[in-house]
Amino acid sequence: MFPYQPTQWQLFLSPQNCSRSHGSGGIEETSTPLFIWGSGIKNWRTFIESTEFVIVENNKVPLYTVEQAQIAPLMSSLIGQSPPMNNFGKLPFQLMNVSLEFQAESLSINAFQMISQYEKLMDQFEKGFFSKMLPTFEISKTNISGFYEDVRFHMKNQEFQKVITSSEKMIDLSLEGIEYFQTYYKNILLFCTVMTFLGWIFYLLQVLQRNLHFKLQQLFMKTIIFISIPIIIIFLQKIPLEIAFYILLPIVIWIAVGENFGLILKNVRTFEVQTFLLLIFGCEIVVLSFFKKEIISLGFIALSLKRTNLSQMTSFYQKLHFFIVYISF
């Protein structure tokens, strides 16, 4: 049991910082303690590989950092099973109190599974028509077959440490390849997401201004024309449907926006600098208030300085910037 006060114990178990904030990607808000003991796990008194420690009942207990994905192969190895399907965790064999042979077998099985997942992603990518013209991450088949042969050879000769070393390298290399293909369309998706939101904002402006004048037949024909080429490319490259949807979505939205885009540009030309700055100020407060709650007070200050009766606002942009400043707090 940790010799902490109840409030400190709560903070330790719940991933949050000292100000009770949680949800961001910081270490304090993502780290969670893991308690593990029993057969097959090293006794903390003999665990000397850790560089971090915590004081528990006047004892210096070592800490070992593991990723969440590593728990699955660890539990599987302890019960004598292969890692589960689609496992992306590297076995933390340093925690295991087992023979060197068992460590070598478990880690090599972990490596075999990682290689299989990498090869599956690689095969899916190579089925695309443009794959040979696109950058890729390739682990040569010679290296993979050589790894299989080395594992069999070293296990037969009881050279378990060599198996562990080579398996670790292959797992790291496979994980790098898996991450590469899983995030292959990351930049494209980020760009498409930004364009989708921008297009949706312009579309809502048109709705608020009641400037929607669509000719459905003409709009439908334009949509078919503009998305036909991207659809052909997506089909030939065999891009997954969930990715294809987000690639095509901004095209459809911007086609709808383009029908009345001239009216938006006309209003932008008459946009007052003061109103524009207030809009930016309100939006920044909304964003920053998620990280620093104190900043939300600036919204109150801005609203108190802006003594304007809503009923007296005749311009659309006057009402718009008023509501943005208002919701900022």
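Residues numbered from 1 in each chain as written. Predicted model: local features only at pLDDT ≥ 70, side-chain atom pairs only at ≥ 80, totals over all residues. Heavy atoms only, no water.

A.B. asks: Give me the lowdown on the environment of Leu-34, citing residues and values where you can.
C.D. replies: Its place among the elements puts Leu-34 in the loop between helix H1 (6–13) and strand E1 (52–56). Residue classification places Leu-34 among the partly exposed positions, given a relative accessible area of 45%. Through-space distance from the C-alpha of Leu-34 to that of Val-66 is 8.8 Å; in sequence the pair is 32 residues apart. (Helix = DSSP H or I, 4+ residues; strand = E, 2+ residues; numbered from the N terminus. Buried < 20%, exposed > 50% of the residue type's maximum accessible area, 1.4 Å probe, protein only.)

A.B. asks: Please give an account of unusual backbone geometry that cites residues and values.
C.D. replies: If you check the backbone angles, Asn-86 has positive phi at about 65° while not being a glycine. Checked against the element boundaries, Asn-86 lands in the loop between helix H2 (71–78) and helix H3 (100–126). Among the residues examined, Asn-86 registers a relative accessible area of 49% and is labelled partly exposed. Residues other than glycine seldom take positive phi values, yet Gln-158 does so here, at roughly 60°. Mapped onto the fold, Gln-158 is located in the loop between helix H4 (141–156) and helix H5 (160–182).

A.B. asks: Let's hear about the UniProt feature "transmembrane region" (unreviewed entry) in the chain: which residues, and what values?
C.D. replies: Those residues carrying the UniProt feature "transmembrane region" (unreviewed entry) are residues 188–207, 219–236, 243–265 and 271–291 in this numbering. This span, residues 188–207, is 100% helix and 0% strand, and a straight line between its end C-alpha atoms measures 28 Å. (UniProt positions renumbered as here; feature names shortened; annotations may be inferred.)

A.B. asks: Talk me through the side chain of Thr-196; I want residue IDs and the actual numbers.
C.D. replies: Assignment of secondary structure puts Thr-196 in helix H6 (residues 186–209). Not counting chain neighbours up to four residues away, the residues in contact with Thr-196 comprise Leu-249, Pro-250 and Ile-253. (Contact = heavy atoms within 4.5 Å.)

A.B. asks: Give a description of the nonpolar core that names residues and reports values.
C.D. replies: Counting 35 residues, the largest nonpolar core has Leu-91, Phe-93, Leu-107, Tyr-118, Phe-147, Phe-181 and Ile-234 as the members making the most contacts within it. Broken down by secondary-structure element, the contributors of at least two residues to this core are H3, H4, H5, helix H7 (216–237) and helix H8 (241–258). Per element, the largest residue contribution to this core is 8 residues, and it comes from H3. Residue assignment places this core across two domains, with domain 1 (10–183) and domain 2 (185–271) each supplying three or more. Excluding residues that lie within four positions of it along the chain, Leu-91 makes contacts with Pro-73, Leu-74, Ser-77, Met-96, Ser-106, Leu-107 and Asn-110. (Core = buried A, V, L, I, M, F, W, Y, C linked by side-chain atoms within 4.5 Å. Domains from an automatic or database assignment.)

A.B. asks: Which residues make up a negative patch on the surface, and what values do they have?
C.D. replies: A cluster of acidic side chains, namely Glu-119, Asp-123, Glu-126 and Glu-138, defines a negative patch on the protein surface. Tracing the chain through its elements places Glu-138 in the loop between H3 and H4. A relative accessible area of 58% places Glu-138 in the exposed class. (Patch = residues over 30% accessible without salt bridge, like charges linked within 9 Å, V, L, I, M, F, W, Y side chains within 5 Å. Areas by Shrake-Rupley, 256 points an atom, 1.4 Å probe, with all protein chains shown as cover. Salt bridge = Lys/Arg side-chain N within 4 Å of Asp/Glu carboxyl O. Lys, Arg positive; Asp, Glu negative; His and termini not counted. Charge placed at Lys NZ, Arg CZ, Asp CG, Glu CD.)

A.B. asks: Report on the packing of aromatic side chains, specifying residues and quantitative values.
C.D. replies: The final tally for this structure, using the stated rule, is 13 aromatic pairs. Look at Phe-245 and Tyr-246: their rings are 5.2 Å apart centre to centre, the planes differ by 80°, and that puts the pair in the edge-to-face class. With a relative accessible area of 45%, Tyr-246 lands in the partly exposed category. The ring centre of Phe-235 lies 5.9 Å from the NZ or CZ of Lys-238, which sits over that ring. (Phe/Tyr/Trp six-rings, centres within 6.5 Å; stacked < 30°, edge-to-face > 60°. Lys NZ or Arg CZ within 6 Å of the ring centre and 35° of its normal.)

A.B. asks: Give a description of the packing of H4 against H5 that names residues and reports values.
C.D. replies: Two elements in contact, H4 and H5, have axes whose closest approach is 8 Å; the angle formed by their N-to-C orientations is 160°. Classed by the angle they form, the pair H4 and H5 counts as roughly antiparallel. Of the two possible hands of crossing, H4 and H5 adopt the one that is left-handed. Taken together, the residues of H5 that come into contact with H4 (itself represented by Asn-143, Phe-147, Val-151, His-154 and Met-155) are Phe-160, Lys-162, Val-163, Ser-166, Ser-167 and Met-170. By residue class, the composition of the contact of H4 with H5 is 6 nonpolar, 4 polar and 1 charged. (Axes fitted to C-alpha atoms, helices over the stretch in contact; angles between N-to-C directions. Parallel < 35°, antiparallel > 145°, perpendicular 65-115°, else oblique. Left-handed = near helix turned anticlockwise from the far one by under 90°. Nonpolar A, V, L, I, M, F, W, Y, C, P; charged D, E, K, R; others polar.)

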